[in-house]
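# Analysis of the macromolecular model
The chain contents come next:
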Amino acid sequence: MFRQLRMTMDISGWIFLPWRRSASNLKDFPPPPLSSTFGDVIVDYEDPDYLPLPEYPMRPNEPLDIRKQRLLYQSRKRGMLENDLLLSTFAAKHLQNFSAEQTALYDQLINGVTNDWDIYYWATDVKPTPKEYDTEIMGLLKEHVKNAERVTRLRQPDLNT
């Protein structure tokens, strides 16, 4: 408890230190604990014109059932909640019935694009879909996003269904 009190006093001292300096003309106040960072220079570099992005490794000899399991997992773990919900519900609804060619197209869609926001904007028709990704799978995804059945999608579907 004493440690927390001491920390609170230190923090409040840092917050009110500029005010105390201006309120009194005393120059005997100790420097703030992070005084070494006040005079630091921040160096900002220009962004490069070209940023090489690693290509997603293709798995040509992957069995279809293993590929579908991997895609189901990758559909659930996109890194942004919007795509997690859209792609996980889409995969739960359609992935089991995809042929090998459709599965390859879905794999290319979710793993070939380097920015998940692109997939989201294409699926919601905010941006036009590029020709290489405007496939039958993207058409199914766009229909899924329209949600004509008015299904509530507040959470990802269970894996055991």
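Before reading on, note that the structure itself is shown above.
A short tour of the structure in this document, coming up.

Thresholds applied
Residues numbered from 1 in each chain as written. Predicted model: local features only at pLDDT ≥ 70, side-chain atom pairs only at ≥ 80, totals over all residues. Heavy atoms only, no water. Helix = DSSP H or I, 4+ residues; strand = E, 2+ residues; numbered from the N terminus. Polar contact = N/O pair within 3.5 Å; in protein donor to acceptor, adjacent residues only side chain to side chain. Contact = heavy atoms within 4.5 Å. Core = buried A, V, L, I, M, F, W, Y, C linked by side-chain atoms within 4.5 Å. Buried < 20%, exposed > 50% of the residue type's maximum accessible area, 1.4 Å probe, protein only. Expected span 1.5 Å × (residues − 1). Axes fitted to C-alpha atoms, helices over the stretch in contact; angles between N-to-C directions. Parallel < 35°, antiparallel > 145°, perpendicular 65-115°, else oblique. Nonpolar A, V, L, I, M, F, W, Y, C, P; charged D, E, K, R; others polar. Phe/Tyr/Trp six-rings, centres within 6.5 Å; stacked < 30°, edge-to-face > 60°.

### A word on the side chain of Ser88
- Note on placement: Ser88 falls in helix H3 (residues 81-94).
- For Ser88, the side chain forms a polar contact with the main-chain oxygen of Asp84, separated by 2.6 Å.
- Not counting residues up to four positions away in its chain, the partners in contact with Ser88 are Ser75, Arg76, Asn83, Gln156 and Pro157.

### Re the nonpolar core
- Counting 19 residues, the largest nonpolar core has Tyr106, Leu109 and Leu141 as its most contacted members.
- Mapped by element, the contributors of at least two residues to this core are H3, helix H4 (100-112), helix H5 (116-123) and helix H6 (136-146).

### A short note on H3
- Taking 1.5 Å of rise per residue, the 14 residues of H3 would be expected to cover 20 Å, and the 20 Å separating its terminal C-alpha atoms lies within 8% of that figure.
- In terms of residue burial, H3 counts as a mostly covered element, since 10 of its 14 residues are buried.
- Contacts from the buried residues of H3 go to helix H2 (64-76), H4, H5 and H6.

### What about the packing of H5 against H6?
- Relative orientation of the contacting elements H5 and H6 amounts to 70 degrees, with a least axis distance of 9 Å. Taken as axis vectors, H5 and H6 run roughly perpendicular relative to one another. Contacts between H5 and H6 involve Ile119, Trp122 and Ala123 on the former and, on the latter, Met138, Leu141, Lys142 and Val145.
- A per-class count over the contact of H5 with H6 returns 6 nonpolar, no polar and 1 charged.

### Describing the packing of aromatic side chains
- Evaluated as defined, the whole model comprises 7 aromatic pairs.
- Between Trp117 and Tyr120, the aromatic rings sit 5.7 Å apart at their centres with planes inclined by 90 degrees, giving edge-to-face as the arrangement. In this pair, Trp117 and Tyr120 are both assigned in helix H5, 3 residues apart and thus about one turn of the helix distant.
- For Trp117, a relative accessible area of 36% puts it in the partly exposed group.
- Accessibility expressed as a relative area gives 22% for Tyr120, which makes it partly exposed.

It is worth stressing that arrangement in space is one thing and function is another; only the former is reported here.
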